[in-house]
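Below, each chain spelled out in residue letters.
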Amino acid sequence: MTDPADVIVFGGTGDLAMRKLLPALYLRDLDGQLDGDARIVAVSRSGLDDADYRDKVDSELRRTAPRWTGADALDDDRHAAFLRRLHHVTLDVADDDWSGLTDVLGPADHRIRVLYLASAPSLFGRICTGAAAHGIVDERTRVVLEKPLGTDLASAQAINDEVGSVFAEDQIYRIDHYLGKETVQNLLVLRFGNSLFEPLWNAGQIDHVQITVAESLGVGNRADYYDGSGALRDMVQNHLLQLLCLVAMEPPARIDGEGVRDEKLKVLQSLKPLTGPDVVRDTVRGQYTEGLVDGEAVPGYATELAESRAGTPREKDASSTETFVALRAEVANWRWAGVPFYLRTGKRLARHASEIVVQFKPVPHSIFPAFGEQIPPNRLVLRLQPDEGVRLHMTAKAPGPGGIRPHPAPLDLSFARTFGDRLPDAYERLLMDVLRGNPTLFMRRDEIEAAWRWAEPVLRTWEETNQLPRPYSAGGHGPSASARLIERDGRAWHEDY
Ligand code: BG6
């Protein structure tokens, strides 16, 4: 059970609030984890009153929640009780008059306030200073920042400065929702809860690491926003680098906010800088063209972008934004010297699947002639989504009397089969952590800025060298240059997902 709290969601009618935040709070409430007095106060410019807002959330929950709860839960008392927690305040944060919000909130008394900023990052500073000026902030108040946190180092620093002028660092929760995923947290337990892996977890035994976050969806109605961002800013600078940190970091002294984040920071600081010719050699940009995804014809990025800009002067503008990135990174430290980390992410790929592959070195010598010279090396595959689980690719003897015939055979841990339960959505975990005051799975200012320090030269070099994205057909595995990037090193992407 959390402390009594008011969760104030700026951007309370937006897509994130509707699709993720409200369902997450609802599911935690059904499990009895929200304090009886907790309230959720949505702030937007929409003009809705409490009743309208409750109706809106009710229909969204009816649309999405049966997937998780079974339809019955929707009509019981708990459902009605959740809706009664909801309030809506119409407010333009640029206005001086915040009385609509302060009247609803009343004195904080014993309540903790959480300001959830699910609005445009350009408003983060203004919301924080406005909230402070109107007496909404005290030393127990927490603020949650959604990505994107800046588009480069300077803009990230500016946001951090503005928010930091109101809140101390330990009041600030910067979300990377990948850290809320069960399987991502499982990586910590797998690495540090089993003695088996640690002696092998280094450059002596590991040949390379692959991190893939593949999406089959396109940018859809986010095209206009996305065009100012691209895959490196949208996915690599945050989600993929966070995954890399969890794979590469040293065992933290403690599993708490400072312990884990100190170790992740060291990894980010150890990333070998990619600059100038390295960028040209070790990165691949792509942009999808039309194609077939799951047998269905889908348009290319340029068409989606033009549609989203229809009727505006920019409708016909060409775009050089990447919807796919593959790159080769290195963590230049004692543990990982010389081990390549291949990262790739893209939209409109063959499947929606994310995984981390740790490939071990091959056996030094094969004594099984039936297998030829090469026994496939062991691979540990951490499947983040869907079908969450861990698979260790091994070699075993094929059964039968016909001599010793080694055969690939996986050891499989399926989360669904082993634990049976529904895996909570990342936002359920992260929102509860905010309410309980646990910052471990949130990004500290220095981490965000270290990630930008590494990513920014890549973006700059792409621009300076006019490295345009290579076209790839929707429904494939990205541009062929992505395969060449890894094949050049005598390795191949793990496509068996
Ligand atoms: C978001 C990106 O942070 O993550 C989106 O902005 C992307 O572009 C999404 O689609 C992917 O998240 P998930 O949880 O669906 O893998």
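Residues numbered from 1 in each chain as written. Predicted model: local features only at pLDDT ≥ 70, side-chain atom pairs only at ≥ 80, totals over all residues. Heavy atoms only, no water.

Focus: the site of the ligand
Taken together, Lys147, His177, Tyr178, Lys181, Glu215, Arg222, Asp234, Met235, His239, Lys347 and Gln385 make up the full set of residues near the ligand. Within the side chain of Tyr178, one N or O atom sits 2.4 Å away from an oxygen atom of the ligand. Contact distances for the ligand include 2.5 Å between an oxygen atom and a side-chain N or O atom of Glu215. Across the complex, the protein chains shield 79% of the 400 Å² of accessible surface that the ligand would expose by itself. Its residues assigned to classes, the shell around the ligand shows two nonpolar, three polar and six charged. (Near = heavy atom within 4 Å. Polar contact = N/O pair within 3.5 Å; in protein donor to acceptor, adjacent residues only side chain to side chain. Areas by Shrake-Rupley, 256 points an atom, 1.4 Å probe, with all protein chains shown as cover. Nonpolar A, V, L, I, M, F, W, Y, C, P; charged D, E, K, R; others polar.)

Some points on the sheet that holds strand E3 (residues 86-90)
Within a sheet, neighbouring strands are paired by backbone hydrogen bonds and run either parallel or antiparallel to one another. Taking strand neighbours across the sheet as the criterion, the six strands line up as E3-E2-E1-E4-E5-E6 in an open arrangement whose pairing is parallel. Unpaired on one side and paired on the other, E3 and strand E6 (172-174) mark the two borders of the sheet. Direction aside, the axes of adjacent strands within the sheet are offset by 20° on average. Examined bridge by bridge, strand E2 (residues 39-44) and E3 share five bridges and lie parallel to one another. Paired with Ala42 across the strands is His88, a residue of E3. (Pairing = 2+ DSSP bridges. Helix = DSSP H or I, 4+ residues; strand = E, 2+ residues; numbered from the N terminus. Axes fitted to C-alpha atoms, helices over the stretch in contact; angles between N-to-C directions.)

Here we look at the layout of surface pockets
One number sums up the size of the second largest pocket: a volume of about 360 Å³. In terms of lining residues, the second largest pocket is bounded by 20 residues, among which Arg383, Asp387, Gly389, Arg391 and Asp412 are the most central. It is strand E15 (residues 389-397) that contributes the most residues to the lining of the second largest pocket, four residues altogether. Taken together, the residues of the lining of the second largest pocket break down into seven nonpolar, four polar and nine charged. (1 Å grid on protein atoms, 1.4 Å probe; cavity = no way out; pocket = protein on both sides within 12 Å on 5 of 7 lines; lining within 4 Å. Points joined across faces, edges and corners; volume = space filled by probe spheres on them.)

Details of empty space enclosed by the protein
What the rule picks out here adds up to two cavities of 30 Å³ or more. Taken as a whole, the largest cavity holds about 90 Å³ of empty space. Along its surface, the largest cavity is lined by Leu145, Glu146, Lys147, Leu149, Arg174, Ile175, Asp176, Gln237, Asn238, Met443, Ile448 and Trp452. Taken together, the elements giving at least two residues each to the lining of the largest cavity come down to helix H10 (231-248) and helix H16 (445-464). Residue composition of the lining of the largest cavity, grouped by class: six nonpolar, two polar and four charged. Of the voids in this model, the second largest cavity is the one considered here, and its volume is about 30 Å³.

Some words on the pattern of salt bridges
For the structure shown, the criterion picks out 46 salt bridges. With its nearest N and O atoms 4.0 Å apart, the salt bridge here joins Asp224 to Arg314. With Asp224 in helix H9 (residues 223-227) and Arg314 in the loop between helix H13 (301-308) and strand E11 (324-330), this pair connects stretches of sequence that are 90 residues apart. Taking relative accessible area as the criterion, Asp224 reaches 37% and is therefore assigned partly exposed. One salt bridge in this structure joins Glu447 and Lys264, with 3.0 Å as the shortest N-O distance. Taken together, the residues Glu447 in helix H16 and Lys264 in helix H11 (residues 257-270) connect sequence positions 183 residues apart. Overall, the relative accessible area of 1% leaves Glu447 in the buried class. Within this structure, Asp207, Lys272, Asp278, Arg281, Asp282, Arg328, Glu330, Arg488, Asp489 and Arg491 form a network of salt bridges that share partners. (Salt bridge = Lys/Arg side-chain N within 4 Å of Asp/Glu carboxyl O. Buried < 20%, exposed > 50% of the residue type's maximum accessible area, 1.4 Å probe, protein only.)

Some details on the side chain of Gln385
Of note, Gln385 is situated in strand E14 (residues 379-385). Of the residues examined, Gln385 reaches a relative accessible area of 12% and is grouped as buried. A distance of 2.7 Å separates polar atoms of two side chains, one belonging to Gln385 and the other to Lys181. Setting aside its immediate chain neighbours within four residues, Gln385 contacts Tyr178, Lys181, His352, Ala353 and Ser354. (Contact = heavy atoms within 4.5 Å.)

Digging into the UniProt feature "binding site: NADP(+)" (unreviewed entry) in the protein
On the UniProt side, "binding site: NADP(+)" (unreviewed entry) is annotated at positions that read Arg45, Asp92, Val93 and Lys147 here. From the list above, the largest cavity is lined by Lys147. Within the fold, Asp92 resides in the loop between E3 and helix H5 (99-105). Relative to the assigned elements, Val93 resides in the loop between E3 and H5. In contact with Val93, not counting residues within four places along its chain, are Phe10, Trp98, Leu123, Arg126 and Ile127. (UniProt positions renumbered as here; feature names shortened; annotations may be inferred.)

Notes on the nonpolar core
Counting 142 residues, the largest nonpolar core has Phe10, Phe82, Leu101, Tyr116, Phe341 and Ile356 as its most contacted members. Sorting elements by how many residues they give to this core places H10 first, with twelve residues. Non-local contacts of Phe82, meaning those with residues more than four positions away in its chain, are made with Leu22, Leu25, Tyr26, Asp29, Ile40, Val57 and Leu61. (Core = buried A, V, L, I, M, F, W, Y, C linked by side-chain atoms within 4.5 Å.)

Remarks on the sheet that holds strand E16 (residues 406-414)
Strand order in the open sheet made by the nine strands is E16-E15-E14-E13-E7-E12-E11-E8-E17, with mixed pairing throughout. Two strands bound the open sheet, and with one partner strand each, they are E16 and strand E17 (470-473). Direction aside, the axes of adjacent strands within the sheet are offset by 20° on average.

Things to note about the side chain of Arg261
The topology assignment puts Arg261 in helix H11. Since its relative accessible area comes to 5%, Arg261 is described here as buried. A polar contact is formed between the side chain of Arg261 and the backbone oxygen of Phe442, at a distance of 3.2 Å. Beyond its immediate stretch of four places on either side in the chain, Arg261 contacts Asp256, Pro439, Thr440, Phe442, Met443, Arg444 and Glu447.

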